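# Fold and geometry: a report
Chain by chain, the residues:
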Amino acid sequence: LHPGRRAGLVGATGATAMIQFTVPGDPVAKGRPRATVTRGGHVRMYQADKTADAEAHVRACFQALGVPGYPEGTPIKLSIVFRLRKPKLVPAHKEIWPLGRPDVDNLFKLVADALNGWAWVDDKDIVVIQASKRWADGEPCTEITIESLP
């Protein structure tokens, strides 16, 4: 999907129902958890604001579709294309693929964590993953396709 195209549940009555949607904006990689020590000497773990905000944005885009998530026990294929902002000057060896940071696995992890409990009950039901980084032709975005498998 590209920004501005209608997204939603495709083939909802069949065994291979599919949800497609686009998250506008620069893709954000999952940040490392942070820790702080409280006055009582306890360690408290938290996410950086950038990670929490990005997860909330992905979740809001899914919720805006108004479609239910898949029930527990549904095998799921999650495909994601991260369309990154292309720099004005790109070295020849990076012309086709956006090599370097952010890492595709950290980009994927943020989306998977954001949709856990919303698009599916538990991420243990994800049985196939597919993710790629590409240069954006226009504005950067994240294209997400979620399919139930037979």
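See the structure above.
This is a predicted model, so every value here is computed, not measured. (Residues numbered from 1 in each chain as written. Predicted model: local features only at pLDDT ≥ 70, side-chain atom pairs only at ≥ 80, totals over all residues. Heavy atoms only, no water.)

## Remarks on the pairing of strand β7 (residues 141-148)
- Taking burial as the measure, the eight residues of β7 include eight buried ones, the bulk of the element.
- Every second residue of β7 is oriented toward a common face, with C141, E143, T145 and E147 on one face and T142, I144, I146 and S148 on the other, all of them buried.
- The pairing of strand β2 (residues 18-24) with β7 spans seven bridges and is classified as antiparallel. By the bridge assignment for β7, M18 is matched with E147.
- Pairing between strand β5 (residues 76-84) and β7: eight bridges, direction antiparallel. Residue I76 lies in a different strand from β7, and its bridge partner there is S148. (Buried < 20%, exposed > 50% of the residue type's maximum accessible area, 1.4 Å probe, protein only. Helix = DSSP H or I, 4+ residues; strand = E, 2+ residues; numbered from the N terminus. Pairing = 2+ DSSP bridges.)

## A few points about helix α1 (residues 49-63)
- When the terminal C-alpha atoms of α1 are compared, their 21 Å separation across 15 residues agrees well with the 21 Å that a helix rising 1.5 Å per residue should span.
- Check the buried side of α1 and you find it contacts β2, α2 (104-115) and β7. (Expected span 1.5 Å × (residues − 1). Contact = heavy atoms within 4.5 Å.)

## So, a nonpolar patch on the surface
- Side chains of V37, V43 and M45 sit close together on the surface and give an oily, nonpolar patch of about 320 Å² of accessible area.
- Turning to its location among the elements, M45 is positioned in strand β4 (residues 43-46). (Patch = residues over 30% accessible without salt bridge, like charges linked within 9 Å, V, L, I, M, F, W, Y side chains within 5 Å. Areas by Shrake-Rupley, 256 points an atom, 1.4 Å probe, with all protein chains shown as cover. Salt bridge = Lys/Arg side-chain N within 4 Å of Asp/Glu carboxyl O.)

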